[in-house]
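Chain by chain, the residues:
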Amino acid sequence: MTTNAHQPLPRTDAFSNPLEVGRLLSHLLQAQSLPALAQGIAQALADAGAGATSVAWWTADGGSGIQPAGPVSPRDAALLEALRAGTEGIDEVAGHHARLLARDAGAGIALLHAGQANNGPLEAACALLAPVAEAVLEARHLSGSLRALARSEQLQAALFQIADMASSGMELNAMLRELHAIVGRFMYAENFYIALYEESSDALRFIYLVDTVDPVIRDANQFIPMSVMDKGLTWYCIRDRRPLMGSVPDIRNQVSGPLRDIGEECFDWLGVPILVGDAVRGVLVVQSYMERPRYSAADQALLAYVGSHILTAVDRKLQQEELERRVAERTHALTVEMQERQRTVRIQEALYRIAELSHTAIDPDGFYQAVHGIVGQFLDARNFYIALLSPDGQRLHFPYYVDENGGTAESRPVGNGITEYAIRHARPLLVDMDDPATRARIEALQASGELGLIGRQSMAWLGVPLVSGDRVLGLLAVQNYASGHSYSAAERDLLTFISYQIASGLERQRAAAELKEANADLERRVQARTAELSEQIRVREDIERQLKYQVLHDPLTGLPNRAYLRDQLLRALAHQQREPGRGFAVLFMDLDRFKVINDSVGHLVGDALLREVAARFAHCVRAGCDMVARLGGDEFAILMDVTGPDAAMRMGQRIVEAMKAPIRVEGKELFSSVSVGIAMSAPHYTAPDELLRDADIAMYRAKAGGRDRVEVFDEALHAQALQLLEMESDLRRAMERAELVPWFQPIVRLSTGETVGYEALVRWQHPQRGVLSPAEFLPVAEGNGSMEALDWAVLTRTLEVLSRLLMPGQYVNVNFSPRHFRSPGLVERLMDLLKAHQVLPSQVRIEVTEGALLENAEKIGHVFCQLADQGVMVALDDFGTGYSSLSYLHRFRMHTLKIDRSFICDLSPHEEGRSTAVVRAILALSQAQRMEVVAEGIETEDQRQALLALGCELGQGYLFARPAPLLAREPGLDGRLQECAEGC
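Each value, and the rule that gives it
Residues numbered from 1 in each chain as written. Predicted model: local features only at pLDDT ≥ 70, side-chain atom pairs only at ≥ 80, totals over all residues. Heavy atoms only, no water. Helix = DSSP H or I, 4+ residues; strand = E, 2+ residues; numbered from the N terminus. Buried < 20%, exposed > 50% of the residue type's maximum accessible area, 1.4 Å probe, protein only. Contact = heavy atoms within 4.5 Å. Areas by Shrake-Rupley, 256 points an atom, 1.4 Å probe, with all protein chains shown as cover. Pairing = 2+ DSSP bridges. Axes fitted to C-alpha atoms, helices over the stretch in contact; angles between N-to-C directions. Parallel < 35°, antiparallel > 145°, perpendicular 65-115°, else oblique. Nonpolar A, V, L, I, M, F, W, Y, C, P; charged D, E, K, R; others polar. Polar contact = N/O pair within 3.5 Å; in protein donor to acceptor, adjacent residues only side chain to side chain. Phe/Tyr/Trp six-rings, centres within 6.5 Å; stacked < 30°, edge-to-face > 60°. Lys NZ or Arg CZ within 6 Å of the ring centre and 35° of its normal. Expected span 1.5 Å × (residues − 1).

**Overview of the overall build of the protein**
Then step 1. In terms of helices and strands, the protein carries 29 helices and 32 strands.
Then step 2. Looking at the protein residue by residue over its 984 residues, the buried ones come to 44%.
Then step 3. The contacts in the protein between residues at least 6 apart in sequence include a share of 62% that link residues at least 24 apart.
Then step 4. As displayed, the protein offers around 50600 Å² of accessible surface, 53% of which is attributable to carbon and sulfur atoms.

**A short note on the sheet that holds strand S14 (residues 429-432)**
Then step 1. Taken in spatial order, the six strands of this open sheet run S13-S12-S11-S16-S15-S14, and their pairing is antiparallel. Of all the strands in the sheet, just strand S13 (412-413) and S14 have a single pairing partner and so form its edges.
Then step 2. Pairing analysis gives four bridges linking S14 to strand S15 (residues 460-468), with the strands arranged antiparallel. Directly across from aspartate 432, in S15, lies its bridge partner alanine 460.
Then step 3. Packed on one face of the sheet, helix H15 (residues 489-552) meets strand S11 (383-389), S14, S15 and strand S16 (471-480) and runs near 40° to S15.

**Here we look at the sheet that holds strand S8 (residues 244-246)**
Then step 1. The strand order S7-S6-S5-S10-S9-S8 describes an open sheet built from six strands, whose pairing is antiparallel. The open sheet has two free edges, formed respectively by strand S7 (223-225) and S8, since each of these has just one partner strand. Taken over all neighbouring pairs, the strand axes of this sheet differ in orientation by 25° on average, direction set aside.
Then step 2. Here S8 pairs with strand S9 (residues 268-276) via three bridges, running antiparallel. Counted as the bridge partner of methionine 245 is leucine 270 from S9.
Then step 3. Set on the sheet, helix H6 (residues 172-186) makes contact with strand S5 (191-198), strand S6 (203-210) and strand S10 (279-288); between it and S6 the angle comes to about 70°.
Then step 4. Lying over the sheet, helix H9 (residues 297-317) contacts S5, S6, S8, S9 and S10, oriented at roughly 45° with respect to S9.

**Observations concerning the packing of helix H20 (residues 688-704) against helix H21 (residues 715-736)**
Then step 1. The interhelical angle for the contact between H20 and H21, taken along N-to-C directions, is 105°, at an axis separation of 10 Å. By the angle class used here, H20 and H21 are roughly perpendicular. Facing Ile697, Ala698 and Arg701 of H20, the residues of H21 in contact are Ala716, Leu717 and Ala721.
Then step 2. Taken together, the residues of the contact of H20 with H21 sort by class into five nonpolar, no polar and one charged.

**Considerations on the side chain of arginine 944**
Then step 1. Structurally, arginine 944 can be placed in helix H28 (residues 941-950).
Then step 2. By relative accessible area, arginine 944 is classed as buried at 16%.
Then step 3. Here the side chain of arginine 944 touches leucine 750 through a polar contact of 2.6 Å, landing on its backbone oxygen.
Then step 4. Not counting the four nearest positions on each side in its chain, arginine 944 is found in contact with Leu750, Ser751, Thr752, Gly753, Ile938, Leu959 and Phe960.

**Considerations on the packing of aromatic side chains**
Then step 1. Under the defined criterion, the tally for this structure stands at 14 aromatic pairs.
Then step 2. Aromatic pair tryptophan 235 and tyrosine 236: ring centres 5.0 Å apart, planes at 85°, arrangement edge-to-face.
Then step 3. A relative accessible area of 12% means that tryptophan 235 is categorised as buried.
Then step 4. Every member of this aromatic cluster is reached through a ring pair, and the members are Tyr368, Phe384 and Tyr400.
Then step 5. If you follow arginine 292 out to its NZ or CZ, it ends over the ring of tyrosine 295, 5.3 Å from the centre.
Then step 6. Its end group placed over the ring of tyrosine 958, arginine 962 keeps NZ or CZ at 4.0 Å from the ring centre.

**What about H20?**
Then step 1. Look at H20: 24 Å from first C-alpha to last across 17 residues, which is about the 24 Å you get at 1.5 Å a residue.
Then step 2. Lining the buried residues of H20 we find helix H16 (562-578), strand S17 (583-591), strand S22 (674-680), strand S23 (710-712) and H21.
Then step 3. Backbone geometry just after H20 places glycine 706 at a positive phi near 120°.

**Section: the environment of glutamate 711**
Then step 1. For glutamate 711, the position within the fold is in strand S23.
Then step 2. The class of glutamate 711 is buried, set by a relative accessible area of 13%.
Then step 3. Along the primary structure glutamate 711 and phenylalanine 588 are separated by 123 residues, whereas in three dimensions their C-alpha atoms are 9.9 Å apart.
Then step 4. Sequence-distant contacts of glutamate 711, that is, excluding residues within four places in its chain, are made with Val676, Gly677, Ile678, Ala698, Arg701 and Ala702.
Then step 5. Polar side-chain contacts of glutamate 711 include one of 3.2 Å to the side chain of arginine 701.

**Things to note about the environment of cysteine 905**
Then step 1. Residue placement: cysteine 905 occurs in the loop between strand S30 (896-899) and helix H27 (916-928).
Then step 2. Overall, cysteine 905 belongs to the exposed group, its relative accessible area being 52%.
Then step 3. It is 7.4 Å that separates the C-alpha atoms of cysteine 905 and isoleucine 938, two residues lying 33 residues apart in sequence.

So this is what it looks like as structure tokens:
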């Protein structure tokens, strides 16, 4: 900008108005860059009448400027350069001065003005604007630091990834694609290639090239001479050993010579050489064909930095190629040294050709003729024939015979000719009649009659038997009638190898003929069976359709089954992922009290009830839109498309209402209600079982809420499900960490208070929640199938402390889940455990509930007998709360009957309550069966006296002691039993 010393000084009245100053400073502090700040300050100065003052700025990347924009005078340019250099420049002659507002390591902003060096109003304006400029520079510096830090972290992660790929077993092409993706994270790299430079051959190898516009394709294994790339961008990048960046016209000014256009012209190009020391190993190039922000110096530096790491990774992957290159060089050297073996190489190729013909030839005559032609390339085969023995070995056939004199060979009986001689001895025969020794030997054989002359006498003869396995098929022979044309041992070896291929071909042709005949016979049989098989196929297809229907449908109700429902749920989930606005709902139905109906009127009536229920459910849904499925037992489900929970609730209410009417089955009028749980589709569902699980949870909440109702799965139920899952996980870890411990409650003789035994009751010493009672975790163990493992863990802990707990004659009762009696080997495992802990069988009694007796009574009775035979007694716990079948007492071999606490609570010695008669009857039955009786839940002295009056001898309850851990059960500490058990 040109300044004038005679222009007026800036007026500062605008800077003295506080309101204006506040708005100005607020506006300037929002500047996003130094040019924007300079423009704002210049505008403010201009508004204040400072026409002789301009604002100069500069950045570390070389950018600079002056506001207001216009031609820059040499004096202003000198001042700006002095400021960039770090000094304040003042032109004393022309009166041009600079006032620095702010500066950091690479950038700054200053005022340039014409006039006096010391100007009061201008100094005031500088004092006001300097803090704003410093704040903007600081914000710019911090923003740049944050971007640099983020980019540095991203670069570090990329380098780690490159190092990992280099040491991994990743294929080279896959690694190069990943390297391309890594470069693309830092800059535009849609068009990218890596070329390695081979200095020794002055050639480039484009190991990776992706170009969206240029159709050129480079073979990754081909070395392209640099002369082909002469004066191109890549050529200059390697020859000049320095990066090139910018548009093609820009790069023309950067290269050391004329630039030749190769390929499509790009909008922007950036290439960096990969240097190892002073040597160029390759080049990395990114380019853009569309208008976009151009590559920067930072992109260039980053590409150069990443390039060395990419080269390291590529070098490791190219080690094998380097090894192959060295092998190729060595092979070339050996080829030069072995030129004398070229004939052998050609022979080898011919042998491969013969082998191929023996596999592919169909016409024998064509095969023989091709073999003759190949053999003729390496030895004199003007006279060539193939002789074959008949299957019975009595005749000799000549399927191929060529003679230069026009001679022929007819099929003949096997005689004493030279062909038969070689076949009989089954080894190659080389005859050279010019050799005196060979001639003498042949003449001797002829004189002895072993060898006879058949046809014209040849001067040189070479025959090789055709051998397959241990059988000679015939002979391959060449001969020459002129003297001086003998055959060599190498030619004998060649013909020997050829004979193997011909023998193999002949065997294959024989096998092919047999196979053809077998195929023809098979085809006749297939045709004969076609009509029969067609009928069988039709029947099979009918059966397959029926089986497919049966697999996906419930045989009782004809409804889709669980597998069909899961398949439809998978489709619904996939459809929802494609169309997030589409919703659906799963209704889970369970009949209330169905088990009571089934057990009371029989399974046939129960099945008829289920069919009627299925029909009512199917009548409630929309045909063709919703699906009803039976999951098993009395559980049903409905899959329906909905837009919200209201539609699903209406469907649930229709289901509930449909069950209000009585159901008549075989003359009986039955009533059954239904509990319905609903799970609505949501993005977090990924599997059908998750939806069914949540609908099932909602259904159980409906049952808990009084049955015959509808519940929708919500966040509260979800939280309960998560809590249950957490409890399951904690419980499994508790068994691993031995957090489940037995607490003991004494069983006493009611008349004296003497302790005769104990009942081991499990407690969970939870690390966060403290001691948990069985009611808090046993239902979870029952639900997830870990009850058996829990029982064994408690039994093992009990046996470990039994020697410190029991006095002579005492015993301990251990509760066992009904699941144990389904498992084989229960008795053996229990006895092994007792033996391992040196515990007598009489010291342990197994407590079971009536539920254990309901399934497979015969097997359970057998287990009870085995336990009794081993000396382990069985106690029936909570008698009276279940089915209380009197047949149990008679059928099963049990030692003890425990009366449930519900019958004890209202006993009194002064009057007979509702339970007195029941307890009296139980005692009478037990005495008749000679069973021991223990009353549970005795809490008052009146209950104890009432039981004594009824004849009950044993009992347990809080009246005597609460359950407590072993430390409170040491002999002599009876006074602490109650204290230790308080609150437990």
